[in-house]
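One-letter residues, chain by chain:
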Amino acid sequence: MDQYDEDGVYMQQEDDWDRDLLLDPAWEKQQRKTFTAWCNSHLRKAGTQIENIEEDFRDGLKLMLLLEVISGERLAKPERGKMRVHKISNVNKALDFIASKGVKLVSIGAEEIVDGNAKMTLGMIWTIILRFAIQDISVEETSAKEGLLLWCQRKTAPYKNVNIQNFHISWKDGLGFCALIHRHRPELIDYGKLRKDDPMTNLNTAFDVAEKYLDIPKMLDAEDIISTLRPDEKAVMTYVSCYYHAFSGKQKAETAANRICKVLAVNQENEQLMEDYEKLASDLLEWIRRTIPWLENRMPENTMQAMQQKLEDFRDYRRLHKPPKVQEKCQLEINFNTLQTKLRLSNRPAFMPSEGKMVSDINNAWGNLEGAEKGYEEWLLNEIRRLERLDHLAEKFRQKAAIHEAWTEGKEHMLQKRDYETASLSEIKALLKKHEAFESDLAAHQDRVEQIAAIAQELNELDYYDSPSVNARCQRICDQWDTLGALTQKRSEALQRTEKLLETIDQLYLEFAKRAAPFNNWMEGAMEDLQDTFIVHTIEEIQGLSTAHEQFKATLPEADKERQAILGIHNEIAKIVQTYHVNMAGTNPYTTINPQEINAKWDKVRQLVPQRDQALIEEHARQQNNERLRRQFANQANVIGPWIQTKMEEIGRISIEMHGTLEDQLTHLRQYEKSIVNYKPKIDQLEGDHQLIQEALIFDNKHTNYTMEHIRVGWEQLLTTIARTINEIENQILTRDAKGISQDQLNEFRASFNHFDRKRTGVMDAEDFKTCLISMGYNLGDNEFSRIMSIVDPNRMGIVTFQAFIDFMSRETADTDTADQVMASFKVLAGDKNYILADELRRELPPDQAEYCIARMAPYTGPDGVPGALDYMSFSTALYGESDL
């Protein structure tokens, strides 16, 4: 509301004064004097005082004494030493005492006080003044600074030329101080003789009278206030708080005005709650909207390390980002229910959030989030399995390709040689037999080539990231294999043409070649198998590999006999060559395999066997550890899962059964909630076991049907259910206290509700509720029942909660206390009249609340043709709406 001085000049200079004050250091001088006087007013009670506020508090002794005087409590024994450490200890004791009273000391440390930092010392004293002189001021549900300002406005409202809007420029003319004194002690000041244009006289008069008659020390200088564009707010507030504590008592008219302000404050509080709900709902929905696309992103990675990082990011989301949002969602539902209860208690329409921000909308969005979350986790685990399989296949492809390429090295050159053209008869026979052995060897390698092609095909089907290089290498191997086949066929035909010209070569060499080649292939296959990597997931699989390996080892004695037989053939050849002086080149003309190579490969096989044994033993130990992790997780999950279900059922029974008063039920539920919260370490322990399982890449667990996801969802539902049940009991207590319902009535309401809650779900559907009303004697038509349902089910969910049921029943049987209070307030303000004038409201209420009330009364017409007058019905309707009042 605009303010004017006595000459009608518009008073709008405060903003300009704010800018000037930024350049005026006079505030420090005013604070020094005011805070020093305030401290001495208390220290005098202990027989001491201070002269210099930043020097006299440096050792902490007088600071501790001041706190003991104003609090009435004993502080810790002070240090009497003169060293800096003793001073810091004393100041810290004082600061700890201040903090123990719920005061947050921001940037104020003991070292600054001991060093005599004036700014920090003044800040500390101001904090003490706020806590012990201003914080406890309470006027009509406002406290501290706002309460003190409202008290000043109420007390000075009837005085001419006094307009208290703040604690700086509103007091410069001194009339505010004089008005406060005159309002409570009119015999001390002749207010009619005071002039607004003589602030010096006004200020000195108020300060002298307050010091002489009210025992309020002179904390301000009139010269400083007048000469400063904007007096220091803290100094003025400190001094004014002394006036508040010096005066007490309230008038009957103020009590009536307080009732009206309380109604207005409730309305404003409800409006603030609605704004808070809208903001919290918007923020939560926006977070869900941002999070779901991240969870729906299925872009695969090429490496196991990258996918492991995605899994770690998902774990961080589960541990760090989601839990606070779960709490926000629960708090949002609690705030919504509390707001609806307050609106019903105030006979206000139910709150309808903006479109898309209903509790059901948030629940739907949350459900979508959890669905995306579950799908994302499944995708991550499947991708990790796929990459693990790909890495295994790629390594197997490289090993087989390397072995094959090593075998084919030089084979093309060998097949292209034309050595048979100059060979002797024995040599050509040898070449022919050697070629037959090579063909046998070539056929034996056909399986490896097919395996290489099959592995490459599988890598392509699984979308391996390095498929181009795999395909190129496989194509080179296949092309080379075709070339080898063609060259082999060509050389065979040439040798057969020459065979008729040559004699039969030594059968012993041929026998050696035929037996050595398969044995050599067997050893190469054995070495390949012994070096082949394996991947298993269960003990049964590793046991199967171990059994196969034991079967292989059982064949080694027979293979050794074969080796001895082959070496015996070679020894016999050597004996024949030596005996009959056969002119031989010294090597077997039918094969490149020699005894040294056979022995070397045999030694290699014998060397690889124990290595394979060790690898199988280590894998068996790892699988045993995995099985231990599975059982460890299952043992806990099989206990926690049923425990959560049992607690959910017990909470459901508590919310329906009638045992003791609502306070007893609330106490029981809070104890229940504490026991549930104390169970959290077991959930965290299970989370740790689950993380160990995931890190061990364990993907199934046959020992339990519970997954960590089931446990998490159950735990979140349990916390939400107990919080919601406690909130319902608290709202029932609010309703009971507001409507004056007895415990017997509540028990009757609960018995009726439980009787007609046929499905035992804790709520009644519309048909059950209608049956209940009919049984209680209500004559219901469709329109009347629709009206009642709009009251008990404002969200149109088709159900009636117990809270809504008792609200409706208590409203039907409520007494007329609220109407009596409105009538009493009306009579106090109206006096002997049967109406109230708007000016009377402006005089008794603060300006902003008076105008708010008058604006709501505007649609109503006063009685007897009096302009701006309101009778009782218009007055009550304006405040409470169309109701039974």
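Just so you know, these numbers come straight off a predicted model, no measurement behind them.

### Considering the overall build of the protein
A tally of regular secondary structure across the protein gives 34 helices and 6 strands. For the protein, buried positions account for 44% of its 885 residues. Put simply, of all contacts in the protein between residues at least 6 apart along the chain, 74% involve residues at least 24 apart. Working note: accessible area of the protein is about 45,600 Å², and carbon and sulfur atoms make up 50% of it.

### Brief notes about the packing of helix α25 (residues 680–695) against helix α26 (residues 708–739)
It is at 11 Å that the axes of α25 and α26 come closest, and there the two elements cross at 155°. One finds that α25 runs roughly antiparallel with respect to α26. For the pair α25 and α26, the sense of crossing is left-handed. On the side of α25, the interface is formed by Lys-680, Ile-683, Leu-686, Glu-687 and His-690, while α26 contributes Met-708, Ile-711, Arg-712 and Trp-715. Here the contact of α25 with α26 is built from residues that sort into 5 nonpolar, 1 polar and 3 charged.

### Digging into empty space enclosed by the protein
Taken as a whole and assessed by the stated rule, the structure comprises 4 cavities of 30 Å³ or more. In this structure, the second largest cavity encloses a volume near 40 Å³. Forming the boundary of the second largest cavity are Asp-59, Leu-61, Glu-79, Arg-80, Gly-81, Lys-82, His-86, Lys-87 and Asn-90. With 3 residues, the single largest contributor to the lining of the second largest cavity is helix α5 (residues 84–100). Broken down by class, the residue content of the lining of the second largest cavity amounts to 1 nonpolar, 3 polar and 5 charged.

### Regarding the pattern of salt bridges
Applying the stated rule across the entire model yields 53 salt bridges. For Arg-448, the salt bridge identified is with Glu-528, shortest N-O distance 2.8 Å. Pair noted here: Arg-448 is in helix α18 (residues 446–461) and Glu-528 is in helix α20 (residues 507–531), with a separation of 80 residues, a long-range link. Of the residues examined, Glu-528 reaches a relative accessible area of 11% and is grouped as buried.

### Things to note about the environment of Leu-462
You can see Leu-462 is positioned in the loop between α18 and α19 (467–499). Distance from Leu-462 to Arg-389, taken between C-alpha atoms, is 9.0 Å for residues 73 residues apart in sequence. Setting aside residues no more than four positions away along its own chain, Leu-462 makes contact with Arg-386, Arg-389, Leu-390 and Leu-393.

### Examining the packing of aromatic side chains
Overall, the coordinates contain 21 aromatic pairs when judged by the stated rule. Between Phe-177 and Phe-207, the aromatic rings sit 5.6 Å apart at their centres with planes inclined by 65°, giving edge-to-face as the arrangement. Residue Phe-177 is located in helix α9 (residues 175–184), and its partner Phe-207 is located in helix α10 (residues 199–213); the two are separated by 30 residues in the primary sequence. Neither residue differs from the other here; Phe-177 and Phe-207 are each classed as buried. Put simply, the rings of Phe-167, Trp-171, Phe-177, Phe-207, Tyr-239, Tyr-243 and Phe-247 pair up and form one aromatic cluster. For Arg-131, the ring lying beneath its charged end belongs to Phe-132, and the centroid distance is 5.2 Å. Lying across the ring of Trp-407, Lys-411 places its NZ or CZ 4.8 Å from the centre.

### Let's talk about the confidence of the model for the protein
The predicted model of the protein has a mean per-residue pLDDT of 79, with 85% of residues at 70 or higher. pLDDT under 50 marks residues 501–505. Its contacts with residues more than four places away, or in other chains, come to 13 contacts.

### A look at the environment of Lys-234
Note on placement: Lys-234 falls in helix α12 (residues 233–246). Judged by relative accessible area, Lys-234 falls into the partly exposed class, the value being 32%. Beyond its immediate chain neighbours, meaning those up to four positions away, Lys-234 contacts Gln-31, Phe-35 and Trp-126.

### Describing the side chain of Thr-121
Counting through the fold element by element, Thr-121 comes out in helix α7 (residues 118–134). Beyond its immediate chain neighbours, meaning those up to four positions away, Thr-121 contacts Ile-53, Glu-54, Phe-57 and Ile-113.

### Re the nonpolar core
With 76 residues, the main nonpolar core has Trp-38, Ile-128, Phe-177 and Tyr-243 as its most contacted residues. The greatest single-element share of this core, amounting to 9 residues, is contributed by α7. Those residues within four positions of Phe-177 in sequence are excluded, and the remaining contacts are Trp-171, Leu-203, Ala-206, Phe-207, Leu-220, Val-236, Tyr-239, Val-240 and Tyr-243. One finds Ala-637, Ile-726, Ile-729 and Val-800 within the second-largest nonpolar core, a separate group that totals 48 residues.

### Thoughts on the environment of Arg-58
Looking at the element boundaries, Arg-58 is found in the loop between α3 (53–56) and α4 (61–71). Here Arg-58 falls in the partly exposed class, since its relative accessible area comes to 26%. Considered as a pair, Arg-58 and Ile-88 are 30 residues apart in the sequence and their alpha carbons are 8.5 Å apart. Filtering out sequence-adjacent residues up to four positions away, Arg-58 remains in contact with Lys-87, Val-91, Ile-113, Val-114, Asp-115 and Gly-116. At 3.1 Å, the side chain of Arg-58 and the side chain of Glu-55 are in polar contact. In terms of polar contacts, Arg-58 uses its side chain to reach the backbone carbonyl oxygen of Val-114, at 2.6 Å.

### What about the side chain of Asp-793?
Examined against the element boundaries, Asp-793 turns out to sit in the loop between α29 (782–792) and β4 (799–801). Salt bridges are absent for the buried Asp-793, whose nearest opposite-charge side chain, Arg-796, sits at 7.6 Å. Here the side chain of Asp-793 touches Met-797 through a polar contact of 2.9 Å, landing on its backbone nitrogen. Look past the residues within four positions of Asp-793 in its chain and what remains in contact with it is Gly-798 and Ile-799.

### A few points about unusual backbone geometry
The backbone phi angle of Asp-215 is positive, close to 60°, even though this residue is not glycine. Tracing the chain through its elements places Asp-215 in the loop between α10 and α11 (222–227). Residue Asp-215 is classed as exposed on the basis of its relative accessible area of 65%. The backbone of Arg-796 sits at a positive phi, close to 55°, despite the residue not being glycine. Mapping Arg-796 onto the fold places it in the loop between α29 and β4. Given the relative accessible area of 77%, Arg-796 is considered exposed.

### Overview of helix α15 (residues 359–408)
For α15, built from 50 residues, the straight-helix expectation of 74 Å at 1.5 Å per residue is met to within 8% by its first-to-last C-alpha distance of 72 Å. Among the residues trailing α15, Gly-410 stands out with phi positive, at a value near 85°.

### Some points on the packing of α15 against α18
Look at α15 against α18: their axes get within 10 Å of each other, and the N-to-C directions meet at 150°. Judged on the interaxial angle alone, α18 and α15 are roughly antiparallel. Regarding α15 and α18, the two cross each other, and that crossing is left-handed. On the side of α15, the interface is formed by Arg-389, Leu-390, Leu-393, Ala-394, Lys-396, Phe-397, Lys-400, Ala-401, Ile-403 and His-404, while α18 contributes Arg-448, Val-449, Gln-451, Ile-452, Ile-455, Ala-456, Glu-458 and Leu-459. Looking at side-chain class alone, the contact of α15 with α18 contains 11 nonpolar, 2 polar and 5 charged residues.

### Structural notes on helix α24 (residues 662–678)
The end-to-end C-alpha distance of α24, which contains 17 residues, comes to 24 Å, matching closely the 24 Å that a straight helix rising 1.5 Å per residue would cover. Along α24, the positions that sit buried rather than exposed are Leu-662, Gln-665, Leu-666, Leu-669, Tyr-672 and Ile-676. Around the axis of α24, the buried residues are gathered within 125° of arc, so they sit on the same side. Those residues of α24 that are exposed and aimed more than 90 degrees away from the buried face are Gln-671, Lys-674 and Asn-678.

The rules we used
- Residues numbered from 1 in each chain as written.
- Predicted model: local features only at pLDDT ≥ 70, side-chain atom pairs only at ≥ 80, totals over all residues.
- Heavy atoms only, no water.
- Helix = DSSP H or I, 4+ residues; strand = E, 2+ residues; numbered from the N terminus.
- Buried < 20%, exposed > 50% of the residue type's maximum accessible area, 1.4 Å probe, protein only.
- Contact = heavy atoms within 4.5 Å.
- Areas by Shrake-Rupley, 256 points an atom, 1.4 Å probe, with all protein chains shown as cover.
- Axes fitted to C-alpha atoms, helices over the stretch in contact; angles between N-to-C directions.
- Parallel < 35°, antiparallel > 145°, perpendicular 65-115°, else oblique.
- Left-handed = near helix turned anticlockwise from the far one by under 90°.
- Nonpolar A, V, L, I, M, F, W, Y, C, P; charged D, E, K, R; others polar.
- 1 Å grid on protein atoms, 1.4 Å probe; cavity = no way out; pocket = protein on both sides within 12 Å on 5 of 7 lines; lining within 4 Å.
- Points joined across faces, edges and corners; volume = space filled by probe spheres on them.
- Salt bridge = Lys/Arg side-chain N within 4 Å of Asp/Glu carboxyl O.
- Phe/Tyr/Trp six-rings, centres within 6.5 Å; stacked < 30°, edge-to-face > 60°.
- Lys NZ or Arg CZ within 6 Å of the ring centre and 35° of its normal.
- pLDDT = per-residue confidence, 0-100.
- Core = buried A, V, L, I, M, F, W, Y, C linked by side-chain atoms within 4.5 Å.
- Polar contact = N/O pair within 3.5 Å; in protein donor to acceptor, adjacent residues only side chain to side chain.
- Lys, Arg positive; Asp, Glu negative; His and termini not counted.
- Expected span 1.5 Å × (residues − 1).
- Arc of directions from axis to C-beta.

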